[in-house]
Amino acid sequence: MVNTKVNLSGIELDNPLIPASGTFGFGYEFAELYDINILGSFSFKGTTKEPRFGNPTPRIAECYSGMINSVGLQNPGIEKVISEELPKLRECFHKPVVANISGFSLDEYVYCCEKIDKEEQVGIIEVNISCPNVHGGGMSFGTSCESAAEVTKAVKAFTSKPVYIKLSPNVTDIVSIAKACEEAGADGISMINTLMGMRIDLKTKKPVVYNKSGGYSGPAILPVALSMVYKVYEAVNIPIIGMGGISTAENVIEMMLAGATAVEIGAANLIDPFVCKKIIEDLPAVMQKYGINNLKDIIGGAH
Amino acid sequence: MNNVIYTIKSNEKLTENVFKMVFEGDTSAVTASGQFINIKIDSLYLRRPISIFDCKENELTIIYKVVGTGTEMMSKMPVGTKLDVLVGLGNGFDTSVSGDNPVVIGGGVGVPPMYYLAKKLIAEGKKVTAILGFNKADEVFGKEDFEAIGCRTIVTTVDGSMGVKGFVTDALKDIDYSYFFTCGPEPMLKALYNASETSGQFSFEERMGCGFGACMGCSCKTKYGNKRICKDGPVLVKEEIIW
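Residues numbered from 1 in each chain as written. Chains lettered and ligands numbered in written order. Predicted model: local features only at pLDDT ≥ 70, side-chain atom pairs only at ≥ 80, totals over all residues. Heavy atoms only, no water.

**Overview of the overall build of chain B**
Part 1 of the argument: Counting secondary structure elements, chain B contains 5 helices and 16 strands.
Part 2 of the argument: In terms of overall dimensions, chain B has C-alpha extents of about 45 × 40 × 30 Å along its principal axes.
Part 3 of the argument: Summarising the internal contacts of chain B: among those between residues at least 6 apart in sequence, 61% fall at separations of at least 24.
Part 4 of the argument: In the form shown here, chain B has an accessible surface area of approximately 10000 Å², with 49% of it arising from carbon and sulfur atoms.
Part 5 of the argument: The centroid of the 27 positive side-chain charges in chain B is displaced by 3 Å from the centroid of its 29 negative side-chain charges. (Helix = DSSP H or I, 4+ residues; strand = E, 2+ residues; numbered from the N terminus. Contact = heavy atoms within 4.5 Å. Areas by Shrake-Rupley, 256 points an atom, 1.4 Å probe, with all protein chains shown as cover. Lys, Arg positive; Asp, Glu negative; His and termini not counted. Charge placed at Lys NZ, Arg CZ, Asp CG, Glu CD.)

**Observations regarding the sheet that holds strand β8 (residues 163-166) of chain A**
Residues and elements named next belong to chain A.
Part 1 of the argument: The 7 strands lie next to each other as β3-β15-β14-β9-β8-β7-β6, forming an open sheet whose pairing is parallel. Two strands close off the open sheet at either side, each with one partner strand: β3 (17-19) and β6 (97-101). If you compare each strand with its neighbour and ignore which way they point, the axes differ by 25 degrees on average.
Part 2 of the argument: With 3 bridges joining them, strand β14 (residues 240-243) and strand β15 (residues 262-265) adopt parallel strand pairing. Its bridge partner lying in β15, Gly242 is registered against Val263.
Part 3 of the argument: The strands touched by helix α8 (residues 249-258) within the sheet are β3, β14 and β15, with β15 carrying the most contacts at an inclination of about 135 degrees.
Part 4 of the argument: Those strands touched by helix α10 (residues 275-289) are β3 and β15, and its axis lies near 175 degrees from that of β3. (Pairing = 2+ DSSP bridges. Axes fitted to C-alpha atoms, helices over the stretch in contact; angles between N-to-C directions.)

**Examining helix α2 (residues 78-92) of chain A**
For the α-helix, the turn length of 3.6 residues means that residues three or four positions removed from each other point alike.
All names here are of chain A.
Part 1 of the argument: An ideal rise of 1.5 Å per residue puts 21 Å on 15 residues; α2 measures up with 20 Å between its terminal C-alpha atoms.
Part 2 of the argument: Listing the buried residues of α2 in full gives Ile78, Val81, Ile82, Glu85, Leu86, Leu89 and Cys92.
Part 3 of the argument: Where α2 is buried, its residues touch α1 (28-31), β6 and α3 (106-117). (Expected span 1.5 Å × (residues − 1). Buried < 20%, exposed > 50% of the residue type's maximum accessible area, 1.4 Å probe, protein only.)

**Section: the interface of chain A and chain B**
Part 1 of the argument: Every contact between the two is made by 36 residues of chain A and, on the other side, 28 residues of chain B.
Part 2 of the argument: A buried area of about 2400 Å², summed over both sides, lies between chain A and chain B, and 59% of it is on carbon and sulfur atoms.
Part 3 of the argument: Looking only at chain A, the three residues that lose the most surface to chain B are Phe53, Glu62 and Ile271 of chain A, adding up to 27% of its buried area.
Part 4 of the argument: One can count 4 salt bridges joining chain A with chain B.
Part 5 of the argument: Residues Arg228 of chain B and Glu29 of chain A are paired through a salt bridge, measuring 2.6 Å at the closest nitrogen-oxygen approach.
Part 6 of the argument: The tally of links between chain A and chain B comes to 11 residue pairs in polar contact (both at pLDDT 80 or more).
Part 7 of the argument: Secondary-structure elements contributing two or more residues to the side of chain A that touches chain B are α1, β4 (60-63), β5 (66-69) and α9 (267-271) of chain A.
Part 8 of the argument: Broken down by element, the residue count for the side of chain A that touches chain B peaks at 5 residues, all from α9 of chain A. (Buried area = accessible area lost by both parts, 1.4 Å probe. Salt bridge = Lys/Arg side-chain N within 4 Å of Asp/Glu carboxyl O. Polar contact = N/O pair within 3.5 Å; in protein donor to acceptor, adjacent residues only side chain to side chain.)

**Let's talk about empty space enclosed by the protein**
All names here are of chain A.
Part 1 of the argument: Enumeration over the complete set of coordinates arrives at 3 cavities of 30 Å³ or more.
Part 2 of the argument: Here the largest cavity is characterised by a volume of approximately 530 Å³.
Part 3 of the argument: In terms of lining, the largest cavity is formed by 37 residues, of which the most central are Ser21, Thr23, Asn69, Asn193 and Thr194.
Part 4 of the argument: Those elements that place two or more of their residues in the lining of the largest cavity are β5, β15 and α9.
Part 5 of the argument: In terms of residue count, α9 provides more of the lining of the largest cavity than any other element does, 3 residues in total.
Part 6 of the argument: Residue classes in the lining of the largest cavity are distributed as 17 nonpolar, 17 polar and 3 charged.
Part 7 of the argument: Forming the walls of the second largest cavity are Leu8, Ile11, Leu13, Ser41, Pro96, Val97, Val98, Gly123 and Ile124.
Part 8 of the argument: Mapped onto the lining of the second largest cavity, the elements with two or more residues apiece are β2 (11-13), β6 and β7 (122-128). (1 Å grid on protein atoms, 1.4 Å probe; cavity = no way out; pocket = protein on both sides within 12 Å on 5 of 7 lines; lining within 4 Å. Points joined across faces, edges and corners; volume = space filled by probe spheres on them. Nonpolar A, V, L, I, M, F, W, Y, C, P; charged D, E, K, R; others polar.)

**Description of the sheet that holds strand β9 (residues 129-134) of chain B**
Residues and elements named next belong to chain B.
Part 1 of the argument: Spatial strand order, β11-β10-β9-β8-β12-β13-β16: 7 strands in an open sheet with mixed pairing. Looking at the sheet topology across the chains shown, the edges are occupied by β11 (164-165) and β16 (235-237).
Part 2 of the argument: Two strands pair when backbone bridges link them, and strand β8 (residues 103-107) and β9 are joined in this way by 5 bridges, in the parallel orientation. Its bridge partner lying in β9, Ile105 is registered against Ile131.
Part 3 of the argument: Each of β8, β12 (180-183) and β13 (200-203) touches helix α5 (residues 186-195); the most contacted strand, β12, lies at about 160 degrees to it.

**Some details on the layout of surface pockets**
Part 1 of the argument: Estimates place the volume of the second largest pocket at around 490 Å³.
Part 2 of the argument: In this structure, the second largest pocket is lined by 22 residues; those nearest its centre are Tyr28, Gln74, Pro76 and Glu85 of chain A together with Met216 of chain B.
Part 3 of the argument: Looking at the lining of the second largest pocket, the elements with two or more residues in it are α1 and α2 of chain A together with β15 (225-228) of chain B.

**A word on the pairing of strand β7 (residues 82-89) of chain B**
Residue and element names in this part refer to chain B.
Part 1 of the argument: Buried residues dominate β7, accounting for 6 of its 8 residues.
Part 2 of the argument: Bridging between strand β1 (residues 2-13) and β7 involves 6 bridges; their strand directions are antiparallel. Bridge pairing in β7 places Ile5 opposite Asp84.
Part 3 of the argument: Note that strand β3 (residues 36-40) and β7 share 4 bridges and pair antiparallel. Within β7, the position partnered with Asn38 by the bridge is Leu86.

**Focus: the environment of Val66 of chain B**
All names here are of chain B.
Part 1 of the argument: Positionally, Val66 belongs in the loop between β6 (59-65) and α1 (69-75).
Part 2 of the argument: For the pair Val66 and Asn38, spaced 28 residues apart in the sequence, the C-alpha separation amounts to 16 Å.
Part 3 of the argument: Other than its neighbours up to four places away in sequence, Val66 contacts Asn17, Phe19, Thr71, Glu72 and Ser75.

**Points about helix α6 (residues 174-183) of chain A**
Residue and element names in this part refer to chain A.
Part 1 of the argument: Among the residues of α6, those classed as buried are Ile174, Val175, Ile177, Ala178, Ala180 and Cys181.
Part 2 of the argument: Measuring from the side-chain oxygen of the N-cap residue of α6 to the backbone nitrogen of Val175 gives 3.2 Å; that N-cap residue is Asp173.
Part 3 of the argument: Among the residues trailing α6, Gly185 stands out with phi positive, at a value near 110 degrees.

In structure tokens, the structure reads:
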């Protein structure tokens, strides 16, 4: 029998599989398809202080081995997430969940963090400082060491739960930003958010998505994510949730060898709603094939 | 929603760029007309959402237009090809509010979902008129199918080369109807919104990521709040639409 358990900041996960924020809603859409309690955890839809419709449509464009989205953090706002979405989530998922929060100012991050801190089912707070689809917020906090550290310090002051900072790959040096977050008190790093990308429609000769650019995700970005996780793993001593293009059990192992303690699955959920279930079912056989008995032993094994 | 492997039973050309594909496989997830399926094509990342033309036990038919790489690849698929399909997506039409003599109005590739809807309405004992709008005679398809199930069928063509000359709204003004259902290009839907004298249901299209409500890629604003075209739609009622 192989052991797939991993530990994130004191929270034991049955396996390292965590559907990524924005690809799994608040869980209940997928709970109609399979028992989502087989997941390690999941990261719920990015939540902001105020309700947001997000960007105008079209918001989706297809790419080679991936897709662009420019949703722009559509969500009902933190109050409704707590009063309407989390009760529904609790009915279908009974493990600690990852709360993904975002903001347009330090105050908004703090506001959301303080509110979500009181929710018992939240095991980890994942602070998104890397959304490429909103202006004047999101990614602007994640593109310098100073502002990344500032957000980290601000939210840490208002919660006792583990705080993971979700980083953008659209920066000159992701390693220094990860280190700045660690020094500011982050309990872990989530990486990577989507890469900036664009498609142009040859018929209209204009960008496909209304926002012109969006976030590129899918199997095409796995090598980028692996390279970045590998480098950050060498520079920090806090756990990494690795993500970017993971679609198979083999990809999960590859990401963990690069240095991830757990992994998030994003775009793959949208193409195959059963992908996380399939990966969890495949994982033991793939571990055996590569002589792995205890999954946590391989974290950072490629170094 | 079910994830089913479908086998292509036939793939036939109807007009220059419109094809009819019949699948064999489980259709139990289809609960209403106006729902759609989402087809995975090898080598392409996103699935292709396509409306349901007809549905029986273990057999589902779509009519699709070649508009890009995916549908072009589909048009060349031989009989026997197996496809990974998500079946029974979207809310579909609510036929319970149609009254005794509803009209179904399709424009171009908006015609196909009207057929399965018309079949359902007729099965419920209603007297159904179908208005099928096209640009010109050689683009017309489906007319005989609607006639065969007992619909009074009116074809309109913009150039007048078949049926009523003009738009679907030109045909609509000459008939009596208790309610309407429609699918087609957005300018047509908007014209119907303004020209119609009763309530009705509109089926919308949008670029989708997942097709089952997870990604929020196809959201729209309605008078009843934000909705996802793929999950809360594609059918919206006239009263909730904001143009």
